[in-house]
Amino acid sequence: MINNLIRGLLYVIVFVLLQVLFLNNIHFLRIATPFLYLYVILRLPLGESRSGILLFSFFLGLLVDLFGNTAGMHAFATTFAGFCREPLIRLWNGKDVPAGAIPSSKVFGMGGYLRYALSVILIHHTMVFGIESLTLFDPFFLVIRILGSVLLTFILVCVFEGFNVVRQKSGE
């Protein structure tokens, strides 16, 4: 249990620092910005209390907001993503998922995990960019930004998930 706590804390520190120091400054073609810190929410153990997930998601988003000067956008979006996480797991993977397991392609299968990750990322990015624009003045550009950022974040999440699968197969 202590090992999981330390690993989770290390995930938070590494991904928040990676987000605020590097990824917030990437605007691919002035459209797509990856939000890789969302991977921490994707990897939260199954069977945790919903209020615990919501609090953790809120504070994770708040950390990104504090260091990124974004005034609560990420806190709201990550809290909403955390709220939608459990129903999405049940939707894409059924109710036969073992409690305490960490969501991964090994637990859900590759297709189930990719659907789950893509759904959470799409919800999160829609909230972030919807709050950021606060208008439908240019809905086409808003949709392009959302889809571009979802694609970029999804690719990065798949890369990190690939590293975790390799590490699990090697026995670490």
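Let me sum up the structure you'll find in this document. (Residues numbered from 1 in each chain as written. Predicted model: local features only at pLDDT ≥ 70, side-chain atom pairs only at ≥ 80, totals over all residues. Heavy atoms only, no water.)

### Description of the nonpolar core
Ranked by size, the top nonpolar core spans 39 residues in total, and within it Leu42, Tyr113 and Val157 carry the most contacts. The greatest single-element share of this core, amounting to 7 residues, is contributed by helix H6 (residues 110-133). In contact with Tyr113, other than residues within four places in its own chain, are Tyr39, Leu42, Pro103, Ser104, Ser105, Phe108, Val157 and Glu161. (Core = buried A, V, L, I, M, F, W, Y, C linked by side-chain atoms within 4.5 Å. Buried < 20%, exposed > 50% of the residue type's maximum accessible area, 1.4 Å probe, protein only. Helix = DSSP H or I, 4+ residues; strand = E, 2+ residues; numbered from the N terminus. Contact = heavy atoms within 4.5 Å.)

### A look at unusual backbone geometry
In this structure, Asn69 takes a positive phi of about 55° despite not being glycine. Considering the arrangement of structural elements, one finds Asn69 in the loop between helix H3 (50-68) and helix H4 (73-93). In this structure Asn69 comes out as exposed when scored by relative accessible area, which is 71%. The backbone phi angle of Ala71 is positive, close to 55°, even though this residue is not glycine. Secondary-structure assignment places Ala71 in the loop between H3 and H4.

### Considerations on the environment of Gly82
Checked against the element boundaries, Gly82 lands in helix H4. C-alpha separation for the pair Gly82 and Ser51, spaced 31 residues apart in sequence, amounts to 9.5 Å.

### Examining the environment of Gly68
Residue placement: Gly68 occurs in helix H3. The class for Gly68 is partly exposed, based on a relative accessible area of 25%. When the C-alpha atoms of Gly68 and Val20 are compared, they prove to be 5.9 Å apart, with 48 residues separating the residues in sequence. For Gly68, the residues in contact, after removing those within four places along its chain, are Val20 and Asn24.

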